[in-house]
Amino acid sequence: MGETEPASGFRTQNIAADRVPQLVAALDAQEANVGVRRLRAWAHEALAVRPGDRTLDIGCGTGSETRALADAAGPRGTALGVEPNPGLRAVAEERAARAGSAARFTDGDALALPAADASVDVVWCERVLQHLSEPDRAVGEMRRVLRPGGRIALLDTDWVTAILYPGEPEVVAALFSGTLTGAANPHAGRRLVGQLSAAGLEVDDRGAQALLQDHRSVAWPLVRMLGESAVRRGLLTEAQRDRAYDDLAAAAERGALHMSVTMFGVVAHLPG
């Protein structure tokens, strides 16, 4: 359902090299999620990138959306992905080269973007603000680099919307408490409209998608991570954790499991 590790500038900034393959696998799994694909498709349509546009993808990860921006901007435009983790950046560069994409990638921080004032036509920023302790500053940076008339798409998760069923309410709350304490800005999704408006942008459209896990199988790596964390912090006993595991496994066998979180999107433009 998503990475919840906080970072000052991006979620990937402080991740060790030996964890990069694990993170790449997680990002690839997220990219395959139907809800993610639908929300991205809606945002790209609303942004309407034109040939010749100068585009910027903030926190680009493996570069999938940077490549999409490059395709839309065409040979007369540009697509620059900003990614501080060198391992992820190397993956993005290799995948772009393999695809014959014109996308380029650079090191950088969301609080100090590597772009001049009013130099960008389109900004894309997906699931980055939830990991920032100063998300308003990051939105201010995006506004700084955006030219008058430029467009921006912010997509982010709101972790209070996480749902797990079946399970006793207090046990489920304890399991998901780690997602609220592990993200610097866990309510990012609900704040997007207000942040863009405060930065002087006009909201053009809003969207949302529930990111659903398969109802026939338990996402055990994530569930066990949440369970162990809850036990370590004294929020659950081992018996409560194990009973929750049993309930989830039984529900999956019946095809009755529900596990989801909602991601929100906002597309806006800078008047001028």
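Note: the structure precedes this text.
Residues numbered from 1 in each chain as written. Predicted model: local features only at pLDDT ≥ 70, side-chain atom pairs only at ≥ 80, totals over all residues. Heavy atoms only, no water.

Trainee: What am I meant to see in the overall build of the protein here?
Mentor: A count of helical and extended segments in the protein gives 9 helices and 7 strands. For the protein, the C-alpha radius of gyration of 19 Å lies close to 19 Å, the compact-globule estimate for 272 residues. Summarising its shape, the C-alpha atoms of the protein cover approximately 60 × 40 × 30 Å along the three principal directions. Counting every position in the protein, which comprises 272 residues, the buried fraction comes to 53%. Contacts in the protein between residues at least 24 apart in sequence constitute 81% of all its contacts with a sequence separation of at least 6. With the model as given, the accessible surface of the protein reaches about 11700 Å², and the carbon-plus-sulfur share is 52%. The positive charge centre, built from 29 side chains, and the negative charge centre, built from 35, are 3 Å apart in the protein. (Helix = DSSP H or I, 4+ residues; strand = E, 2+ residues; numbered from the N terminus. Rg over C-alpha atoms; globule rule 2.2 N^0.38 Å. Buried < 20%, exposed > 50% of the residue type's maximum accessible area, 1.4 Å probe, protein only. Contact = heavy atoms within 4.5 Å. Areas by Shrake-Rupley, 256 points an atom, 1.4 Å probe, with all protein chains shown as cover. Lys, Arg positive; Asp, Glu negative; His and termini not counted. Charge placed at Lys NZ, Arg CZ, Asp CG, Glu CD.)

Trainee: Is there a simple way to think about the state of the cysteines in this case?
Mentor: Think of a disulfide as a covalent bridge from one cysteine sulfur atom to another cysteine sulfur atom. Evaluation of the coordinates by the stated rule reveals 0 disulfides. Residue Cys 125 stays outside any disulfide, its sulfur separated by 11 Å from that of Cys 60, the closest cysteine. (Disulfide = S-S within 2.5 Å.)

Trainee: How should I be thinking about the packing of helix 1 (residues 20-32) against helix 2 (residues 34-47) in this particular structure?
Mentor: Packed helices, taken two at a time, are described by the angle between their axes plus the distance between the axes. Remark: helix 1 packs on helix 2, axes separated minimally by 5 Å, with the N-to-C direction vectors making an angle of 70°. Regarding the angle of helix 1 to helix 2, the classification is roughly perpendicular. Contacts from Gln 30, Glu 31 and Ala 32 in helix 1 reach Val 34, Val 36, Arg 37 and Arg 40 in helix 2. Grouping the amino acids of the contact of helix 1 with helix 2 by side-chain chemistry returns 3 nonpolar, 1 polar and 3 charged. (Axes fitted to C-alpha atoms, helices over the stretch in contact; angles between N-to-C directions. Parallel < 35°, antiparallel > 145°, perpendicular 65-115°, else oblique. Nonpolar A, V, L, I, M, F, W, Y, C, P; charged D, E, K, R; others polar.)

Trainee: Would you mind showing me how to read the sheet that holds strand 1 (residues 54-58) here?
Mentor: Sheet strands pair via backbone hydrogen bonds, and the direction of the pair is either parallel or antiparallel. One open sheet holds the 7 strands; their spatial order is 3-2-1-4-5-7-6, and the pairing between them is mixed. This sheet does not close on itself; its edge strands, each paired only once, are strand 3 (104-106) and strand 6 (202-212). Sheet twist, expressed as the mean angle between neighbouring strand axes with direction ignored, is 20°. Pairing of strand 5 (residues 146-165) with strand 7 (residues 258-269) involves 11 bridges; the strand directions are antiparallel. (Pairing = 2+ DSSP bridges.)

Trainee: Even after reading the chapter, I still don't get the environment of Ala 48, so can you show me in this structure?
Mentor: Positionally, Ala 48 belongs in the loop between helix 2 and strand 1. It is 31 Å that separates the C-alpha atoms of Ala 48 and Val 160, two residues lying 112 residues apart in sequence. Leaving out residues up to four positions away in the same chain, Ala 48 has contacts with Asp 53 and Arg 151.

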